[in-house]
Amino acid sequence: KDLQERVNNYIKKNQWSDEYFIIDNTTVKGLTPAGEEFLKKQNGKLIIPEGITAINDHAFEEKGITELILPESIEVIKSYAFSNNELKEITIPNNIKEIQDEAFSYNKINKINIREEFINYGTGVYADNEMTEVYIPRNMTEIPMGMYDGNKITKLTLPDNIKVIGETAFSRNLLTELNLPKNIESIDASAFYDNQLTEVYFPDSLKTIGNRAFFVNKIKQVELPAQTKSVGGRPGPFDSRVKINRR
């Protein structure tokens, strides 16, 4: 009996429990003071309890989190929930429905484990991390603004379900190879700003291309479909040295 009590006390002292969280119904709003101390003792490993369905805005922003385990019950991760931490890898549970603006921005993420293919994303969800690959859900037709801004992606092939690439979606990466989807209709402002591209093929479906979309690359000339229009005024989608041909 004494041994079992000691085991139970050890487990209680070394595992996450509801007392460490600020919880409203099934939404986590943050950590209690005891939770803040416990996170330090766990060297930044955070385990969200099962039964939680939502994580509030800024709930765990800038907490020094190094490892994250989310419950299978989670459905919504709100804006900036885990921004500004030390995460290197994340696993998104299967029941997730929505990940809001910059939920995981400013971490060190280089790997995402995810199977759910129908997620609504906000802007800048994975911005300013260390990702070399991207994950695009099957239901997505538009890459949100800033989604992968400021990562380390070198090669990119986008699926044909994508029709719109949002502002700064892939800016500030290391892209040397880009394959646009055959059904692409719009590439928004600064979408591929500051990369290492030397050439890009633009499909005939492309209708508009935004201001500075391909600024600060290594492109010398491009061939655009006859119907493609530059939008957003000067200075245009390409650096001034780029020769633009039409087909």
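See the structure above.
Remember, predicted model here, so these are calculated numbers, not experimental data.

(A) Inspection of the nonpolar core at higher detail. Phe82, Phe104, Ile165, Ile187 and Phe214 are the most contacted members of the largest nonpolar core, which has 67 residues in total. If you list the elements that add at least two residues to this core, you get strand S2 (27-31), helix H2 (33-41), strand S7 (89-92), strand S9 (111-114) and strand S17 (221-224). Look past the residues within four positions of isoleucine 165 in its chain and what remains in contact with it is Ile143, Leu158, Phe170, Leu180, Ile184, Ser186, Ile187, Asp188, Ala191 and Phe192.

(B) Structural detail: the sheet that holds strand S1 (residues 21-24). Strand order in the open sheet formed by 6 strands is S1-S2-S4-S6-S8-S10, and the pairing between neighbours is mixed. Two strands in the sheet have a free side with no partner beyond their single neighbour: S1 and strand S10 (120-121). Two elements, strand S4 (residues 54-55) and strand S6 (residues 76-77), share 2 bridges in a ladder whose sense is parallel. Bridging across to S6, isoleucine 55 finds its partner in isoleucine 77.

(C) Inspection of the sheet that holds strand S16 (residues 208-210) at higher detail. Read from one edge of the open sheet, 5 strands run S11-S13-S15-S16-S18, paired in parallel fashion. Edge positions in the sheet fall to strand S11 (142-143) and strand S18 (229-231), since each has one partner strand and no second. Pairing geometry for strand S15 (residues 186-187) and S16, over 2 bridges, is parallel. By the bridge assignment, serine 186 is partnered in S16 with threonine 208.

(D) Looking closely at the pattern of salt bridges. On inspection of all chains with the given rule, the structure shows 9 salt bridges. The partner of glutamate 36 in a salt bridge is lysine 63, and the shortest N-O contact between them spans 2.8 Å. Placement of glutamate 36 in helix H2 and of lysine 63 in the loop between S4 and strand S5 (67-69) is noted, with a sequence separation of 27 residues between them. With a relative accessible area of 26%, glutamate 36 lands in the partly exposed category.

(E) Structural view of the packing of aromatic side chains. Taken as a whole, this structure holds 16 aromatic pairs when the rule is applied. Ring geometry for tyrosine 148 versus phenylalanine 170: centroids 5.7 Å apart, planes at 5°, classification stacked. With tyrosine 148 in the loop between S11 and strand S12 (155-157) and phenylalanine 170 in the loop between strand S13 (164-165) and strand S14 (177-179), this pair connects stretches of sequence that are 22 residues apart. Of the two residues, tyrosine 148 and phenylalanine 170, neither departs from the other in class, the shared state being buried. Seen from the ring of phenylalanine 215, arginine 212 lies directly overhead, with NZ or CZ sitting 5.6 Å from the centre.

(F) Representation of the environment of glutamate 133 in the model. As for its position among the elements, glutamate 133 is in the loop between S10 and S11. Overall, glutamate 133 belongs to the exposed group, its relative accessible area being 62%. Glutamate 133 sits 22 residues away from lysine 111 along the chain, and the two C-alpha atoms are 8.0 Å apart.

(G) Molecular detail of H2. Regarding H2, the residues found buried are Gly35, Phe38 and Leu39. Buried residues of H2 fall within an arc of 105° about the axis and therefore sit on the same side. Exposed positions of H2 whose direction lies more than 90 degrees from the buried face are Pro33, Lys40 and Lys41. Asparagine 43, located one to two residues past H2, shows a positive phi value of around 55°.

(H) Expanded view of the environment of isoleucine 92. Tracing the backbone shows isoleucine 92 in strand S7. Residue classification places isoleucine 92 among the buried positions, given a relative accessible area of 2%. Put simply, isoleucine 92 and glutamate 72 are 20 residues apart on the chain and 8.7 Å apart in space, counted from C-alpha to C-alpha. Apart from residues lying up to four places away in sequence, isoleucine 92 is in contact with Ile99, Phe104, Ile112, Asn113 and Ile114.

What counts, and where the lines are drawn
Residues numbered from 1 in each chain as written. Predicted model: local features only at pLDDT ≥ 70, side-chain atom pairs only at ≥ 80, totals over all residues. Heavy atoms only, no water. Core = buried A, V, L, I, M, F, W, Y, C linked by side-chain atoms within 4.5 Å. Buried < 20%, exposed > 50% of the residue type's maximum accessible area, 1.4 Å probe, protein only. Helix = DSSP H or I, 4+ residues; strand = E, 2+ residues; numbered from the N terminus. Contact = heavy atoms within 4.5 Å. Pairing = 2+ DSSP bridges. Salt bridge = Lys/Arg side-chain N within 4 Å of Asp/Glu carboxyl O. Phe/Tyr/Trp six-rings, centres within 6.5 Å; stacked < 30°, edge-to-face > 60°. Lys NZ or Arg CZ within 6 Å of the ring centre and 35° of its normal. Arc of directions from axis to C-beta.

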